[in-house]
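A structural walkthrough
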Amino acid sequence: MNPDWLYGLGGGLMIGLAAALLLLLNGRIAGISGIFGAMVAGRPDGDAFERLAFLAALIGVPALYVFAGGAPAANAPASAPLLVAAGLLVGMGTRMGGGCTSGHGVCGMSRFSPRSIVAAVTFMLVGAVVATLGRHVIGGL
């Protein structure tokens with residue numbers, strides 16, 4: 001049995017639970033780009049310890065999983081420079097879009113925010129266009 005779908009299900013459940021708990025217990029939206037951006041900028045709004053703990057858990061829990069039993073096989077079919085460029089473009093997009101997929105897609109859409117619904121639909125459409133162009137027009141980026 002190939003449990004790949006279980007990793008996605010488990011990860012999705014954990015993201016949803018973390019977002020729900022942050023909203024229910026602290027009244028805050030779990031937009032990772034916003035939490036990270038506030039931490040880097042040193043903005044006084046909110047608790048710096050809370051932001052640091054959230055980001056540490058975001059990195060630490062997968063690290064503990066790998067340490068405890070290993071990670072599922074992963075394959076990045078692109079070069080390191082292309083992955084860095086893609087990451088920078090995603091970062092720029094989150095700034096332009098006023099949030100990331102966790103903020104808009106998980107938290108905003110669950111609150112029926114029209115702005116978040118438009119943002120998430122835009123993320124998906126642009127992703128589909130770029131993937132199609134990269135694979136079928138440009139030739140396997």
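Here we summarise the structure given alongside this text. (Residues numbered from 1 in each chain as written. Predicted model: local features only at pLDDT ≥ 70, side-chain atom pairs only at ≥ 80, totals over all residues. Heavy atoms only, no water.)

1. Details of the pattern of salt bridges
Under the definition given, this model contains 1 salt bridge. Among the salt bridges present, the one from Arg28 reaches Glu50, with a minimum N-O distance of 3.2 Å. Here Arg28 is found in the loop between helix 1 (4-26) and helix 2 (32-41), whereas its partner Glu50 is found in helix 3 (residues 48-69), with 22 residues between them in sequence. According to the relative accessible area criterion, Arg28 is partly exposed, its value standing at 31%. (Salt bridge = Lys/Arg side-chain N within 4 Å of Asp/Glu carboxyl O. Helix = DSSP H or I, 4+ residues; strand = E, 2+ residues; numbered from the N terminus. Buried < 20%, exposed > 50% of the residue type's maximum accessible area, 1.4 Å probe, protein only.)

2. Thoughts on a nonpolar patch on the surface
Side chains of Met109, Phe112, Ile117, Val121 and Leu125 sit close together on the surface and give an oily, nonpolar patch of about 480 Å² of accessible area. Of all the elements, helix 6 (residues 114-137) adds the most residues to the nonpolar patch, at 3 residues. Turning to its location among the elements, Val121 is positioned in helix 6. (Patch = residues over 30% accessible without salt bridge, like charges linked within 9 Å, V, L, I, M, F, W, Y side chains within 5 Å. Areas by Shrake-Rupley, 256 points an atom, 1.4 Å probe, with all protein chains shown as cover.)

3. Concerning the nonpolar core
With 7 residues, the main nonpolar core is built from Ala19, Leu22, Ala30, Ile35, Phe54, Leu55 and Cys107. Listing elements by their share of this core, those giving two or more residues are helix 1 and helix 3. Excluding residues that lie within four positions of it along the chain, Cys107 makes contacts with Ala19, Ile29, Ala30 and Ser102. (Core = buried A, V, L, I, M, F, W, Y, C linked by side-chain atoms within 4.5 Å. Contact = heavy atoms within 4.5 Å.)

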